Amino acid sequence: MLTATGLAVASPAQAQGLAGIDVSNYQGAINWTSVKNSGIQFAYIKATEGTTFKDARFNTNYPAAHAAGVVRGAYHFARPNSSTGAAQANYFASNGGAWSADGLTLPGALDLEAPPSGAACYGLSTTSMRNWITDFYNTYKTRTGRDVVIYTTASWWNTCTGSWTGMASKSPLWVAHWGASTPSLPAGWSSTTWTFWQYTSTGSVSGISGNVDRNYFNGSTARLTALANNT
């Protein structure tokens, strides 16, 4: 998630909350017991992308995180130029993004950011992007009963949706802002707050070789459990 180089990273001194990570096949084999024992309480794990890609390590990571007692959720990398929001939400829900009230499963997350190559907004107008996100949200909620978490940056969201405020009252925000003491929030959420904050892409955690994205949850263990259980 979010590929960038040359960015100075500092641990956010003002952050309050629980420690977490997000991972994909790029992290290779993960020892989830070691991850849990190092203090990590939650993880988002890549499941799908578009309507054809399934992360090669999801079927290993997802149950292993659960078995280790890590509260985990799945995420979907959006490809708004390749198919409808409904099609991608259904693909996600059918391939790892489903939800159950077991105390360890977070609602799925929709990863909205620029692709590794090509147009940052996938060639969509701001109106078309808003419609695509709404389509995904509505379909995912119908399938799972949950509001999808939105992962994004302030700059991508404000540019590609035209500073749309329409999702802030619906979706929990997972904001990416590296090397800051507090994150900049996308339009709409600036009047509320963030739920998750990805504050670095170059973190380290026992049980994972190499860099890993580090995150905070904005609240207590009880609040994280409540989010997992929709209570």
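Scroll up to find the structure this text is about.
Attention here is on the structure that accompanies the text. These numbers were taken from a predicted model, which means no experiment stands behind them. All residue numbers refer to positions counted from 1 along the written sequence of the respective chain. Confidence filtering applies because this is a predicted model: local features only for residues at pLDDT of at least 70, side-chain atom pairs given and counted only at 80 or more, and all residues used for totals across whole chains, interfaces and linings. In computing side-chain values, all of the structure's heavy atoms are included and hydrogens and water are not.

1. Considerations on the pairing of strand β1 (residues 18–23)
Point 1. Among the six residues of β1, six are classified as buried, and the element is accordingly described as predominantly covered.
Point 2. The alternating pattern of β1 places L18, G20 and D22 on one face and A19, I21 and V23 on the opposite face, and all of these are buried.
Point 3. A pair of strands is treated as paired once DSSP finds two or more bridges between them. Each helix corresponds to a stretch of at least 4 residues labelled H or I by DSSP, and each strand to a stretch of at least 2 residues labelled E; elements are numbered beginning at the N terminus. As paired strands, β1 and strand β9 (residues 212–217) are joined by five bridges and run antiparallel to one another. Its bridge partner being in β9, G20 is matched across the sheet by N215.
Point 4. Here four bridges tie β1 to strand β2 (residues 42–49), and the two strands are oriented parallel to one another. Within β2, the position partnered with D22 by the bridge is Y44. Partly exposed residues are those whose accessible area sits between 20% and 50% of the maximum for their type, while under 20% is buried and over 50% is exposed, using a 1.4 Å probe and protein chains only.

2. Considering the packing of aromatic side chains
Point 1. Classification of ring pairs rests on two measures: the distance between centres of Phe, Tyr or Trp rings, Trp counted by its six-membered ring, which must be within 6.5 Å, and the angle between planes, read as stacked under 30 degrees, edge-to-face over 60 and tilted in between. Summed over all chains, the structure comprises 17 aromatic pairs.
Point 2. For the pair W157 and W189, a centre-to-centre distance of 5.1 Å together with 70° between the ring planes defines the contact as edge-to-face. Taken together, the positions of W157 in helix α5 (residues 154–160) and W189 in the loop between β7 (173–176) and β8 (196–203) put the pair 32 residues apart, joining distant regions of the chain. As far as the burial class goes, W157 and W189 line up, both buried.
Point 3. Note on Y199 and Y216: the rings are 4.6 Å apart at their centroids and 20° apart in plane angle, and the pair reads as stacked. Of the two residues, Y199 sits in strand β8 while Y216 sits in strand β9, which places them 17 residues apart along the sequence.

3. Some details on helix α3 (residues 85–94)
At 3.6 residues per turn, the α-helix brings residues three or four places apart onto the same side.
Point 1. Most of α3 sits out of view: seven of its 10 residues are buried.
Point 2. Among all positions in α3, only G85, A86, Q88, A89, Y91, F92 and A93 are buried.
Point 3. On its buried face, α3 sits against β2, β3 (53–54), β4 (71–77), β5 (109–111) and α4 (126–144). Residues are treated as being in contact if the distance between any of their heavy atoms lies within 4.5 Å.

4. Let's talk about the side chain of T105
Point 1. Along the chain, T105 turns up in the loop between α3 and β5.
Point 2. Any pair of N or O atoms that falls within 3.5 Å is considered a polar contact. Within protein, one atom must be able to donate a hydrogen and the other to accept it, and sequence-neighbouring residues count only if both atoms are side-chain atoms. Side-chain polar atoms of T105 contact the side chain of D102, separated by 2.9 Å.
Point 3. For T105, the contacting residues outside a window of four places in its chain are Y62, V71, R72, A98, W99, S100 and A228.

5. Some points on the pairing of strand β6 (residues 149–152)
Point 1. Taking every second residue as pointing to the same face, both faces of β6 are buried, with V149 and Y151 on one and I150 and T152 on the other.
Point 2. Note: β5 against β6, three bridges, orientation parallel. Bridge assignment links A109 to a residue of β6, and that residue is V149.
Point 3. Taken together, β5, α4 and β6 form a β-α-β motif whose crossover is right-handed.
Point 4. Pairing of β6 with β7 involves three bridges; the strand directions are parallel. Across the sheet, Y151 pairs through a bridge with W174, a residue of β7.
Point 5. Handedness of the crossover joining β6 and β7 through α5: right-handed. The handedness rule is simple: strands pointing away from the viewer, and a clockwise path from the first strand over the helix to the second, make the crossover right-handed.

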